[in-house]
Amino acid sequence: MAEIAVFASGNGSNFQAIAEAAAASDHSVCCLICDQPGAAVLRRAESLNIRPVLISYRGKTREEAEKEIIGILEEYGPEFIVLAGFMKLISPLLLDAFPGKIINIHPSLLPRYPGTHAIERSFDSGDKEIGITIHQVDSGMDTGKVLFQKTYRRTGHETIDEIETIIHGLEHKYYPELVLKLLNSNNI
Ligand code: GRF
């Protein structure tokens with residue numbers, strides 16, 4: 001039985017998929033850390049009975065904001081941190097507090113298309129194979145060690161909306177699966 005903390009900034013569909021999978025397992029999500037007031041993910045956390053914690057980075061250095069986050073996490077002692085659409089880079093302060101224990105999902109086949117608008121950029125590229133990547137987090141932008149990738153082979157007839165639905169479907173299936181697998185093996 002392990003606790004995980006999820007960090008998210010926006011919609012929170014991956015947060016919800018992970019929280020629901022954890023609730024059906026021996027593990028649990030101890031809290032949601034969010035940096036954006038009004039983000040939909042805050043309401044999702046409330047309806048799932050998970051504590052939503054808003055930590056704004058506005059007017060603070062990244063380290064100052066992360067110190068506040070570490071203070072919250074110390075209340076729970078989570079074993080893993082799962083980033084799910086969290087739009088901030090993580091500094092060595094937080095990385096060193098959870099060495100090798102922070103993972104992220106990205107909606108492209110890294111190292112292709114790191115950063116924002118990865119689905120649109122994958123779509124526009126014309127690449128035959130697109131997909132998702134789950135990786136360990138380091139201080140770079142989507143640069144940590146790859147743990148898992150899932151490919152979707154395009155027919156060439158999909159619209160951008162269909163591709164988005166397909167990519168999010170892969171995320172919602174494989175991210176919770178991998179998180180639970182890592183928790184069960186206590187090994188990332
Ligand atoms: C996902 O596509 C994820 O891969 C990326 O940000 C998006 C978050 O979506 N890092 P949601 O907030 O989980 O719905």
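Scroll up to find the structure this text is about.
Residues numbered from 1 in each chain as written. Predicted model: local features only at pLDDT ≥ 70, side-chain atom pairs only at ≥ 80, totals over all residues. Heavy atoms only, no water.

### What to know about the site of the ligand
Here is the rule: We call a residue near a molecule or strand as soon as one heavy atom of that residue lies within 4 Å of the molecule or strand. We define a polar contact as two N or O atoms separated by no more than 3.5 Å, with the added condition that, inside protein, one atom must be a possible hydrogen donor and the other a possible acceptor, whereas residues neighbouring each other in sequence contribute only through side-chain atom pairs. The Shrake-Rupley method, run with a 1.4 Å probe sphere, supplies the accessible areas, and residue values consider only the shown protein chains as cover. Secondary structure elements are taken from DSSP: a helix is a run of H or I of four residues or more, a strand is a run of E of two residues or more, and numbering for both begins at the N terminus. Three classes are used: nonpolar for Ala, Val, Leu, Ile, Met, Phe, Trp, Tyr, Cys and Pro, charged for Asp, Glu, Lys and Arg, and polar for all others, with Gly counted as polar.
If you check the shell around the ligand, you find N11, G12, S13, N14, G85, I105, H106, P107, H168 and E171 and nothing else. One of the side-chain nitrogen or oxygen atoms of N11 is found 3.1 Å away from an oxygen atom of the ligand. Note that an oxygen atom of the ligand is positioned 2.5 Å from one of the side-chain N or O atoms of S13. Starting from 370 Å² of accessible surface for the ligand in isolation, the protein chains cover 83%. Elements represented by at least two residues in the shell around the ligand include exactly α1 (13–23), β5 (102–106) and α6 (160–185). For the shell around the ligand, the residue count by class is 2 nonpolar, 7 polar and 1 charged.

### Some words on the sheet that holds strand β7 (residues 146–153)
To keep things clear, this is the line we draw: What makes two strands pair is DSSP finding at least two bridges between them. All axes are obtained by fitting lines to C-alpha atoms, using only the stretch in contact for helices, and the reported angles, taken between N-to-C directions, cover 0 to 180 degrees. Pairs of residues are marked as contacts when any of their non-hydrogen atoms sit within 4.5 Å.
If you trace the 7 strands from one edge of the open sheet to the other, you get β3-β2-β1-β4-β5-β6-β7, paired in mixed fashion. Pairing within the sheet leaves two strands with one partner each, and these edge strands are β3 (51–54) and β7. The average angle at which neighbouring strand axes cross in this sheet is 20 degrees, direction not considered. Relative to strand β6 (residues 129–136), β5 runs antiparallel, the two being bridged by 4 bridges. Counted as the bridge partner of H106 is T133 from β6. In the packing of α1 onto the sheet, the strands contacted are β1 (3–7), β2 (28–34), β4 (80–83) and β5, and the crossing angle to β2 comes to about 160 degrees.

### Some thoughts on the side chain of D142
Keep this limit in mind: Remark: exposure states derive from per-residue accessible area (1.4 Å probe, protein chains only) relative to the maximum for the residue type, with buried under 20%, exposed over 50%, and partly exposed in between. Counting rule for charge: Lys and Arg are taken as positive, Asp and Glu as negative, and neither His nor the chain ends is counted. By definition here, a salt bridge exists when the distance from a side-chain nitrogen of Lys or Arg to a carboxyl oxygen of Asp or Glu is within 4 Å.
Relative to the assigned elements, D142 resides in the loop between β6 and β7. No salt bridge is formed by the buried D142; its nearest oppositely charged neighbour, R121, is found at 7.1 Å. From its side chain, D142 meets the backbone nitrogen of G115 in a polar contact 2.8 Å long. The residues touching D142, leaving out its near neighbours within four places in the chain, are N104, H106, L110, P114, G115 and H135.

### Here's the deal with the packing of α1 against α6
The cut-off we apply is this: When describing relative orientation, an angle under 35 degrees is termed roughly parallel and one over 145 degrees roughly antiparallel, while 65 to 115 degrees is termed roughly perpendicular and anything else oblique. Working rule for handedness: look at the near helix, and if it is turned counterclockwise from the far one by less than a right angle, call the crossing left-handed; if clockwise, right-handed.
One can describe the packing of α1 onto α6 by two numbers: an axis separation of 9 Å at closest approach and a directional angle of 45 degrees. By the angle between their directions, the pair α1 and α6 is classed as oblique. Along this stretch, α1 crosses α6, giving a crossing that reads as right-handed. Contacts from S13, N14, A17, I18, A21 and A22 of α1 reach α6 at E171, H172, Y175, P176 and L180. Here the residues of the contact of α1 with α6 are counted per class, giving 7 nonpolar, 3 polar and 1 charged.

### Quick look at helix α3 (residues 62–76)
For an α-helix, the turn length of 3.6 residues means that residues three or four places apart are oriented alike. To keep it simple, the criterion reads: Multiply 1.5 Å by the residue count of a helix minus one, and that product is the helix's expected span. Relevant arc is that of directions from the helix axis to the C-beta atoms, nothing else.
For α3, with 15 residues, the first-to-last C-alpha span of 22 Å sits near the 21 Å given by 1.5 Å per residue. The complete set of buried residues in α3 reads A65, E66, I69, I70, I72 and L73. Down the axis of α3, the buried set is contained in an arc of 165 degrees. They therefore lie on one face. Structural note: α3 exposes K67, E74 and E75 on the side pointing more than 90 degrees away from its buried face. The elements touched by buried residues of α3 are β1, β2, β3, β4 and α4 (92–97). Of the residues trailing α3, G77 is marked for its positive phi of about 65 degrees.

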